Every structure is written in C-alpha cells, then in structure tokens.
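Descriptive structure summary
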Amino acid sequence: MKYLPLIWRNLGRRKIRTIFTTLSVFIAFLLFGVLMAIKAAFGMGIEVAGADRLMMIHKVSFIQPLPKSYLERLRTVEGITTITHANWFGGIYQDPSNFIANMAVDPETWLEMYPEFILPEEQKQAWFANRIGAIVGIDTATRYGWKVGDRIPLQGTIYRKPDNSPWEFVIEGIYDSPVKGTDKTQLFFHYEYVNQTMRNTAFSDQVGWYIVRVENPAEADAVARRMDAMFANSPAETKTATEKAFVSDFAKQVGDIGEIMTAIAAVV
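Procedures and definitions
- Residues numbered from 1 in each chain as written.
- Predicted model: local features only at pLDDT ≥ 70, side-chain atom pairs only at ≥ 80, totals over all residues.
- Heavy atoms only, no water.
- Helix = DSSP H or I, 4+ residues; strand = E, 2+ residues; numbered from the N terminus.
- Contact = heavy atoms within 4.5 Å.
- Phe/Tyr/Trp six-rings, centres within 6.5 Å; stacked < 30°, edge-to-face > 60°.
- Buried < 20%, exposed > 50% of the residue type's maximum accessible area, 1.4 Å probe, protein only.
- Pairing = 2+ DSSP bridges.
- Axes fitted to C-alpha atoms, helices over the stretch in contact; angles between N-to-C directions.
- Salt bridge = Lys/Arg side-chain N within 4 Å of Asp/Glu carboxyl O.
- Arc of directions from axis to C-beta.

What follows deals with the environment of Lys161. With respect to the helices and strands, the residue Lys161 is situated in the loop between strand 6 (151–154) and strand 7 (167–175). Once residues within four sequence positions are removed from consideration, Lys161 is found in contact with Pro166, Trp167, Tyr193 and Thr197.

Glancing now at the packing of aromatic side chains. Summed over all chains, the structure comprises 19 aromatic pairs. Taking the centre distance of 5.5 Å and the plane angle of 90° together, the rings of Phe89 and Trp167 count as edge-to-face. Pair noted here: Phe89 is in the loop between strand 3 (80–88) and strand 4 (102–105) and Trp167 is in strand 7, with a separation of 78 residues, a long-range link. Trp167 carries the same exposure label as Phe89, and that label is buried. Ring geometry for Trp127 against Phe128: centres 6.2 Å apart, planes inclined by 35°, an arrangement best described as tilted. Across this residue pair, the class does not change: Trp127 and Phe128 are buried. In this structure an aromatic cluster arises from ring pairing among Phe89, Tyr159, Trp167, Phe169, Phe189, Tyr193 and Phe203.

Two orientations exist for strands paired in a sheet by backbone hydrogen bonds: parallel and antiparallel. Judged by pairing direction, the sheet is mixed, and its nine strands sit side by side in the order 6-7-5-8-4-3-10-1-11 without closing on themselves. Only two strands of the sheet have a single partner each, and these edge strands are strand 6 and strand 11 (238–242). If you compare each strand with its neighbour and ignore which way they point, the axes differ by 35° on average. The strands touched by helix 5 (residues 121–129) are strand 4, strand 5 (133–137), strand 7 and strand 8 (187–190); relative to strand 7, the strand with the most contacts, the crossing angle is about 155°.

Examined against the element boundaries, Ile174 turns out to sit in strand 7. The residues contacting Ile174, other than those within four sequence positions of it, are Ile118, Leu119, Pro120, Gln123, Val136, Gly137, Ile138, Ala141, Trp146, Lys147 and Val148.

Our next topic: the pattern of salt bridges. One pass over the full model with this rule turns up ten salt bridges. The shortest N-O distance in the salt bridge between Arg53 and Glu116 comes to 3.1 Å. Here Arg53 is found in strand 1 (residues 53–58), whereas its partner Glu116 is found in the loop between helix 4 (107–113) and helix 5, with 63 residues between them in sequence. By relative accessible area, Arg53 is classed as buried at 5%. Note on Glu116: relative accessible area 15%, which makes it buried. One salt bridge connects Arg53 with Glu243, and the closest N-O pair in it is separated by 3.0 Å. On the criterion of sequence distance, the pair formed by Arg53 in strand 1 and Glu243 in helix 9 (residues 243–252) is long-range, its members being 190 residues apart. Via salt bridges that share partners, Arg53, Glu116 and Glu243 belong to a single interconnected network.

It is worth spelling out helix 8 (residues 220–230) at this point. Within an α-helix, residues lying three or four positions from one another point in the same direction, as the helix has 3.6 residues per turn. Burial in helix 8 covers these residues: Ala220, Val223, Ala224, Met227 and Asp228. On an axial view of helix 8, the arc spanned by its buried residues comes to 130°, and they lie on one face. For helix 8, the exposed residues lying more than 90 degrees away from the buried face are Asp221, Arg225 and Ala229. Looking at the buried positions of helix 8, the neighbouring elements they touch are strand 1, helix 3 (70–74), strand 3, strand 10 (209–214) and strand 11.

Put into structure tokens, the structure is as follows:
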C-alpha cells in the first residue's frame, strides 16, 4: 500500500497514455463478453440437432443467399417431407453488446420443422396472423423483461430500411422447450415482412438457407446429394449437410471464436 501514492502520481504524468491503456483493457473485457455470448448462441442446439433435418446453403459461403424460387423445386425431391427457410437478420437491440440471434422465417413451416419450440396455441395463431409479429425465447424475454404485446425495435445491420429507421416487431408469443439444450434466446419474425419491405433491392426473394426434413434419416446423405445435384452448374450452387454440421459451420463464419477469446483473455 505504501507504493500506491507513487503509482497514482506516475499514472497522472502521462494522462493520455493512461486513458488509452484503461480503454484498451475495457474494450478487451467488452469483446470477451460479446464473443462469449456469440459462442454460446451458436453452440446452443448442436447436441439437440435433429437427425432427420438437413440444411442447404450456398456452396461458396453461408453468407451468400439462395433464390426463393428453389423452394418449389425442392418440393419435388424424393424423400423430403417438410421444407422451410430462414434468413439471418442481424438486428441490434438498443446496443451492439445486446446480442440476440434474430431470424426471418416462414412461421407455420418453421414451427412444424422445430416442434421443440413450444408456445400456447393462441400465441401461435396470433403470430401467424400479424405480419410484424414475432416470437422470442423465454430466456431472452426474461432477460429484457419483455411480455406479449410489447413492441420491440431492432436496428438493421444487413437489412436496412430506405429511411434507416428501426424495424419494429410486436411480441406475439414467448416460446419455451422441455428439450434440454434447446436454444431459448432467439427471436423469430415473418420473412415476408422483410421481403416485401426490401422489394426491388438485391435482398428481394432471397433466403439465407433451407431446412428440410427427410422421411428416412438413414437416407439423409442420399437426399442431400439429390438436392445438390438439382442445382449443380447453376449461378447459386448448393451444399447440403446435416443440421449439426451446419450449426458448427455457422460459428466458423465469424472466425475461430475460441482462439480469439483465448487471445483476449491473455491480454486481459
């Protein structure tokens, strides 16, 4: 303790250096927290991924979209029972540090594909009927104190409105799940709300990825090959894999988070 006054005086000798040093430590802690949240969000659901679900993305990269027109062609593939799609929206709630996984989906087929997301029937029907409606996981609803009927603004980072105003959603339902490991932090809303708003832009009639349920999980690999063969040599070739492999690849799109966090922790 006797050296504390000396240390304090030395910190004051070069105030700018002290300020920047303090800021660098603060930013390191902030990044560490954000990356932990991202890693947790991307990691959730890997172990509960359905054995009968396949994910189809652009062959070049996950960030490349696929045409919405592929949906009708996929319906003709033998061995598929259900099809849905999703777009990673990337909206920010209040502050970039408030990471929420938010996606534009087709509500009815999405809940059919993921029966582990449970919510009351009246909330489900209200979501189907409201173009700007959304459902959110109970963990995120509890975190922010959201309830059914609340209006939630998200600032677009990928999908920006022409006037750059926030996207507003009405919470129509809060989902839970009895299945251990299910991600209960996500927010889902209508794909058509986004698609119609972005009409006549490069985002129009584009989807991020397709999810299909196969009739026989033992034939999943064969179905995946048939799907990819259908779009071979097209401007948007595809790559289809199991849901578990897809979620793992999703995390890798933002880099090796594990190594980044290790480096930040070493600095801190």
